[in-house]
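# Topology and contacts: notes
Listed here are the chains, written in short residue letters.
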Amino acid sequence: MDMDLLIAPIIIFMIIVAPIWLILHYRSKRQVSQGLTDEEYTQLNELIAKADKMAQRIDTLEAILDSEAPQWRSRDDGR
């Protein structure tokens with residue numbers, strides 16, 4: 001009796017859900033193995049350039065703060 005209740009959902013899963021799941025899984029695996037597209041590679045390089053500029057700006061701001069307010073790093077901001 002209990003097996004009869006499980007057979008229908010298992011059959012539906014095997015006929016509908018499992019094939020769709022497998023197709024989507026292997027499609028995503030293929031896309032990952034192809035690597036970055038030219039557009040994604042360009043975006044990545046732009047982000048790297050922006051991160052480098054930001055790091056330079058932070059270094060400059062820290063140097064200014066070190067010269068004008070030497071104790072700024074040790075201040076307790078209440079957190």
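Residue indices follow the written sequence of each chain, beginning from 1 at its first position. With pLDDT at 70 or above as the cut-off, local features in this predicted model cover only qualifying residues; side-chain atom pairs require 80 or more to be listed or tallied, and sums for whole chains, interfaces and linings still use all residues. Calculation of side-chain values draws on the structure's entire complement of heavy atoms; hydrogens and water are dropped beforehand.

Looking now at the overall build of the protein. Of regular secondary structure, the protein possesses two helices and zero strands. In summary, the protein has a C-alpha radius of gyration of 28 Å against a globular reference of 12 Å for 79 residues, an excess of more than 25%. Principal axes of the C-alpha set define a box for the protein whose edges measure 80 × 40 × 10 Å. Each residue is assigned to one of three classes by its accessible area relative to the maximum for its type, calculated with a 1.4 Å probe on protein chains only: buried under 20%, partly exposed between the two thresholds, exposed over 50%. Buried positions account for 3% of the 79 residues belonging to the protein. By the criteria applied, helices consist of DSSP H or I runs no shorter than four residues and strands consist of E runs no shorter than two, each listed in order from the N terminus. The size measure is the radius of gyration over C-alpha atoms, and the globule rule it meets is 2.2 Å times the number of residues to the 0.38 power.

What follows is about the packing of aromatic side chains. Between rings of Phe, Tyr and Trp, where Trp is taken as its six-membered ring, a pair exists when centres lie within 6.5 Å; planes separated by under 30 degrees are stacked, by over 60 edge-to-face, and by other angles tilted. Within this structure, the stated rule accounts for one aromatic pair. Measuring from ring centre to ring centre gives 6.2 Å for Phe13 and Trp21, while their planes differ by 80°; the resulting arrangement is edge-to-face. Look at Trp21 and you get exposed, because its relative accessible area is 56%.

Right, let's get into the pattern of salt bridges. When a carboxyl oxygen of Asp or Glu is within 4 Å of a side-chain nitrogen of Lys or Arg, the pair counts as a salt bridge. Per the stated rule, a full pass over the model turns up two salt bridges. Asp66 is the salt-bridge partner of Arg73, the closest N and O atoms lying 3.3 Å from each other. Accessibility expressed as a relative area gives 34% for Asp66, which makes it partly exposed.

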